[in-house]
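# Inside the fold
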Amino acid sequence: MVRPKMPPQIFRLVLLTLAIVVTYIIARYLLTPASFRQYGFYRGEALAEHASHTPVFAGRKACLECHEDIQAKLFKGEHKTIGCETCHGVGKEHADNPDVKLVKIGDNGCLRCHEASPSRPAWLKQINPKNHYREDKCVSCHVPHQPNEVP
Amino acid sequence: MSLEVTNIVVENLPRFEGYVYPNESGAHPLWGFLIVLYPYITGLVAGAFIMASLVRVFRVKPLEPVYRLSLLTALAFLLCATLPLLFHLGHPERSFQIMITPHLTSPMAIFGFVYAWYLMAVLLLELWFDYREDFVAWSQTESGIPGIIYRAFTLGVNDRSEKAVALDHQMSWIISIVGIPSAFLLHGYVGFIFGSIKANPWWGNVLMPIIFILSAMVSGIALCVFNYMVLSWVRRRQVDMRCLDVMGMFLFYALVIDATVEALDWIHRAYSAVEGFHVMEYMARERLFYTLSIGQVLVGTLIPLLLLGALQLLRKRVPENVRKRMYFTCASFILVGVFAMRWNVVMGGQFFSKSLRGVMSYKLQFAGVEGWLMGLVLLSLPFIILIVLIKLFLSERLPTSGHVPHRAENVAG
Amino acid sequence: MKHFVSRRNMLATVGGAIAGLVSLVAARTARGAVKKILVATNAPQDYDPHQHKWLMCFDVDKCIGCGLCVDACKTENHVPQGPTYFRTWIERYLIRKPQPGSGVTRGEVIVDSPNGGRDGFPPPTVPREEILKSFFVPKLCNLCERSPCTQVCPVGATFDAPDGAVLVDPNYCIGCGFCIQACPYGCRFLNPETKTAEKCTLCYHRITRGLKPACVEICPTEARIFGDVKHPVENDPIQAFIQKNKVFSLKPHLGTDPRTLYANLDKEVR
């Protein structure tokens, strides 16, 4: 029985193709990151990498640990929805080391929210800084932690 | 130095008009000249291959002189196709990841495989089977670097018997048949990349892949006409007029189909006028005026349609040298027009804001990786490679058995 | 004799292949182990992404356009400072009154977002008498159930995490920009320093530690509502929000099924 021989040019091509395919499979196995497909079609380590960044803002709960009295005052007034770092800036350094002081927000800080604008909702108390006691600082009449009180 | 390319003329336009999302309001587009270039190049590859398959599969005998030239053109451009993509990536050193972990829901992920398949299993293989007989002959007579190349390409097989050559031709025919859908896939997936982006109404359109493929075929045929005429002029040889006339005929009919589908796209958009259409229309009129109305429509479509159509009707009355000039003009115009079409698709989609309320005016730089200069260099690179390929594989002085543009006087077989 | 030699050859080849495969597996395992030791992250160890499904919602009527959230996000996440890189931003909508006798319900709609709203908004150019209504809309990743952005990533560098965040792996992203083009909401951008795609991560490093995202923490009016939908805490704000308000999502016709919900959204918002 005579087996039909594969023509030599085809045989060489088949060998070449096999070599390429095998190289590809090996390369794919070696180069795929180990944590790939752990949760889905991505590197599972990426979740841990994202979670490992250091937070910058301390968060309101951190302030609550020492400044409960101020929080109590805040909760009574209209500023109860405002976090501490909204006005005082990033508090992480101060939370780690209380000797580092935070800024009391400057004068323009109040205007950031309270400057009148036709785009702002009506429930927000707004003032026109040109007409509203231009000479004075906001804190001479208003207490930021308890806005319905006077100093 | 930066040129305002919103209308290719220098104008002082604001960065954007209306409202655009802040992340869109940068000075430069995310997908620039390089991404305009990539579909252009792969389109030329697909089109040139279709031209070659007209000979192999559909046995259009008059086109035989350009068979090998078309394949070599396709190869030269395919070899350069990855470069615009590599240069565009933020991390080209990670580009291998697209083959290692291809995300199969992404049309871009098939790039590595389709490219590898098309290069190795279609183009190189078809070329190899067509040239094998000549490689064996040339490896025995040529010396120096070309000799080494020919010997390497024989893969050590020196069989030139009739049976082997018949097998070569049959394999070439099979690969050509497989190659036609492969060519459509190679360029169609790029159209699908744009067509699948539902976020962008300029792009996300079911006709997009079809328009891409059709304009690719037109541009590929035009490139073959262009290359054939330039090669003949450089070599001071007579052009085969029958071949040129048939190429012109295919070019005309391909252009008719392409223009029809593109016009359909426009008519449908204008008629259904979904949200954002008025902004799109403003953008097409203002930002894309020179590249769309002048470049793509007038120069790239209408003028070639008229000239080629006239030639179809009046061919016998028009003297040869006038016909040659008309074919060359049309081919050049079409090449410019298809480039303008790619430009309009890629840049237009980015000028148009996803807020549906605004239009950007991105600038393209001259220098830098995403600039004009790099684009022009990358566009000329395939021609340089083609010159090398012609010197090696379409040399006039070497005897050959295949379909070549100009036969040497003392050819054997 | 010939037979014996070929069998030896065959054994050698097979043995070599097996040895090669074993060494490959060993090499890959070793590389993974070494990487684990060298790249020790300080990620919280007790966080299981399958136990949470985070969601952010907005009450448009409560947003006062102060822009502190945009600033806080840039600070918290070290986002590039330029005016075209935002993980979250505020849009201002100004709707003019119609011309008297024109028969239309509203006049021109002017939308702007100067520097994303980071420094607040300058006074509008339209005089107050001509304004029919005006409001602010905060924007960020819409946390789509069927994200088009993760669908199109060619390498698997951006993904939907099991806990609802849509993240980009900056060590795997190749910077092709496909996801940025595919996001209908414009929430992604290419970071010019890392040359990778970037977007809101819901402050993943904060929520995995029981903190709130920086923008939610800083917002003075509770316009941003954040919570866990899978195991809601007591008095979870998201439940109350959905129950009390008529809620909307952006571009629902695109089929991305955005989970981010807006209350009191005007029809002009895109």
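Sequence positions are assigned chain by chain, starting from 1 and proceeding in written order. Note on labels: chains are lettered from A, ligands numbered from 1, in written order. In keeping with the predicted nature of the model, local features appear solely for residues at pLDDT of at least 70, side-chain atom pairs appear and are counted solely at 80 or more, and the whole-chain, interface and lining totals rest on all residues.

So, on to the overall build of chain A. Helix numbers and strand numbers start at the N terminus; a helix is a DSSP run of H or I with at least 4 residues, a strand a run of E with at least 2. Broken down by element type, chain A carries seven helices and zero strands. In sequence order, the secondary structure elements of chain A are arranged as α-α-α-α-α-α-α. In terms of C-alpha radius of gyration, chain A reaches 33 Å, well past the compact-globule figure of 15 Å for 151 residues. Along the first, second and third principal axes, the C-alpha set of chain A runs to 110 × 40 × 25 Å. Whether a residue is buried, exposed or partly exposed is read from the other C-beta atoms within 10 Å of its own C-beta, which are placed from the backbone; 20 or more gives buried, 12 or fewer gives exposed, and intermediate counts give partly exposed. For chain A, the proportion of its 151 residues judged to be buried stands at 19%. Our contact criterion uses C-beta atoms placed from the backbone: two residues qualify when those atoms are within 7 Å. Sequence-distant contacts in chain A: of pairs separated by 6 or more residues, those separated by 24 or more amount to 44%. Note on method: radius of gyration uses C-alpha positions; expected globular size equals 2.2 Å times residues raised to 0.38.

On to the sheet that holds strand E3 (residues 109–112) of chain C, then. All names here are of chain C. One requirement defines pairing of two strands: DSSP has to find at least two bridges between them. Spatially, three strands are ordered E3-E2-E4 in an open sheet, and the strand pairing comes out antiparallel. Two strands in the sheet have a free side with no partner beyond their single neighbour: E3 and strand E4 (131–139). Neighbouring strand axes in the sheet, compared pairwise and without regard to direction, differ in orientation by 15 degrees on average. Sheet topology places strand E2 (residues 89–96) next to E4; eight bridges connect them, and they run antiparallel. Within E4, the position partnered with Ile90 by the bridge is Pro138. Angular values range over 0 to 180 degrees, each being the angle between N-to-C directions of two axes fitted as lines to C-alpha atoms, with helices fitted over their stretch in contact.

So, about the confidence of the model for chain C. Known as pLDDT, the predictor's confidence for each residue is given on a scale from 0 to 100. Taken residue by residue, chain C gives an average pLDDT of 92. The fraction at 70 or more is 95%. Of the two predicted TM-score estimates for the complex, the pTM is 0.91 and the ipTM is 0.90.

Let us now look at unusual backbone geometry. Most peptide bonds are trans, and most residues other than glycine sit at a negative phi. Residues and elements named next belong to chain C. Even without being glycine, Leu202 reaches a positive phi, approximately 55 degrees. Judged by the 28 C-beta atoms lying within 10 Å of it, Leu202 falls in the buried class. Despite not being glycine, Lys251 shows a phi value in the positive range, around 50 degrees. For Lys251, the location among the structural elements is in the loop between strand E10 (247–248) and strand E11 (261–263).

To continue, consider the interface of chain C and chain B. The partner chain B presents 31 residues to the 35 residues of chain C that form the contact. In terms of residue count, the dominant contributor to the side of chain C that touches chain B is helix H4 (residues 178–182) of chain C (four residues). For the side of chain C that touches chain B, the residue count by class is 21 nonpolar, 10 polar and four charged. Gly is placed with the polar residues, together with every amino acid not listed as nonpolar (Ala, Val, Leu, Ile, Met, Phe, Trp, Tyr, Cys and Pro) or charged (Asp, Glu, Lys and Arg).

On to the nonpolar core, then. Residues and elements named next belong to chain B. Throughout this description, the term nonpolar core refers to a group of buried Ala, Val, Leu, Ile, Met, Phe, Trp, Tyr and Cys residues whose C-beta atoms join them within 7 Å. Core analysis: the biggest nonpolar cluster contains 202 residues, and Val45, Ala74, Val218, Ile221, Cys224 and Leu251 have the highest contact counts within it. Here the element with the most residues in this core is helix H1 (residues 33–56); it accounts for 18 residues. For Ile221, the residues in contact, after removing those within four places along its chain, are Gly47, Met51, Met247, Phe250, Leu251 and Ala254.

According to the domain assignment, chain C consists of domain 1 (1–40) and domain 2 (44–84 + 140–270). Computed over C-alpha atoms only, the centres of domain 1 of chain C and domain 2 of chain C are separated by 46 Å. Domain ranges listed in this record stem from an automatic or a database domain assignment.

Residues and elements named next belong to chain C. Spatially, the four strands line up as an open sheet ordered E9-E1-E11-E10, and their pairing is mixed. A strand with exactly one partner marks an edge of an open sheet, and here the two such strands are strand E9 (224–228) and E10. Direction of pairing for strand E1 (residues 54–59) relative to E11: parallel, over a ladder of three bridges. Bridge pairing in E11 links Phe58 to Tyr262.

A few words now on the environment of Gln170 of chain B. Residue and element names in this part refer to chain B. Structurally, the position occupied by Gln170 is in helix H7 (residues 162–195). The exposed category is assigned to Gln170, around which 11 C-beta atoms lie within 10 Å. Measuring from C-alpha to C-alpha, the distance between Gln170 and Tyr362 comes to 52 Å, with 192 residues separating the pair along the chain.

Regions with low pLDDT carry predicted coordinates that are not meant to be interpreted in detail. Scored by pLDDT, chain A comes out at a mean of 87, with 94% of its residues at no less than 70. No element of chain A has a lower mean pLDDT than helix H7 (residues 107–114) of chain A, which averages 82, and none a higher one than helix H2 (residues 45–51) of chain A, which averages 94.

Counting residues at the interface gives 50 residues for chain C, matched by 36 residues for chain A. Within the residue set of the side of chain C that touches chain A, elements represented by two or more residues are helix H1 (2–38), helix H2 (68–77), E2, E4, helix H5 (204–207) and helix H6 (214–218) of chain C. When the residues that make up the side of chain C that touches chain A are grouped by side-chain class, the tally is 27 nonpolar, 12 polar and 11 charged.

Residues and elements named next belong to chain B. In contact at an axis separation of 8 Å, H1 and helix H2 (residues 67–80) are set at 160 degrees when each is read in the N-to-C sense. As the angle between them shows, H1 and H2 are arranged roughly antiparallel. When the axes of H1 and H2 are compared, the crossing they make is left-handed. Note on element contacts: H2 touches H1 through Tyr67, Ser70, Leu71, Thr73, Ala74, Phe77, Leu78 and Cys80, opposite Ile41, Leu44, Val45, Ala48, Phe49, Met51, Ala52 and Val55. Partitioned by chemical class, the residues of the contact of H1 with H2 number 14 nonpolar, two polar and no charged. We call two directions roughly parallel when the angle between them is under 35 degrees, roughly antiparallel when it is over 145, roughly perpendicular when it lies between 65 and 115, and oblique otherwise. For any helix crossing, the convention is left-handed if the near helix is rotated counterclockwise from the far helix by under a right angle, and right-handed if that rotation is clockwise.

This brings us to helix H13 (residues 372–393) of chain B. Residues and elements named next belong to chain B. Taking 1.5 Å per residue, 22 residues should reach 32 Å; H13 reaches 32 Å between its end C-alpha atoms and fits that length. The complete set of buried residues in H13 reads Met374, Gly375, Pro382, Leu386, Leu389, Ile390 and Phe393. Of the surrounding secondary structure, the elements contacted by the buried residues of H13 are H1, H2, helix H3 (82–88), helix H5 (111–141) and helix H8 (208–235). A helix is expected to span 1.5 Å for every residue after the first.

All names here are of chain B. Where H2 meets H8, the axes come as close as 10 Å, and the angle between the chain directions of the two elements is 110 degrees. It follows from the interaxial angle that H2 and H8 lie roughly perpendicular. H8 is crossed by H2, and the crossing has right-handed handedness. Contacts from Leu69, Ser70 and Thr73 in H2 reach Leu223, Cys224, Asn227, Tyr228 and Leu231 in H8.

Further remarks concern H8 of chain B. Residue and element names in this part refer to chain B. With 28 residues, H8 should cover 40 Å at 1.5 Å per step; its first-to-last C-alpha distance of 40 Å lies within 8% of that length. Most of H8 is tucked away: 20 of the 28 residues are buried. Downstream of H8 by a residue or two, Arg236 has a phi angle that is positive, lying close to 55 degrees.

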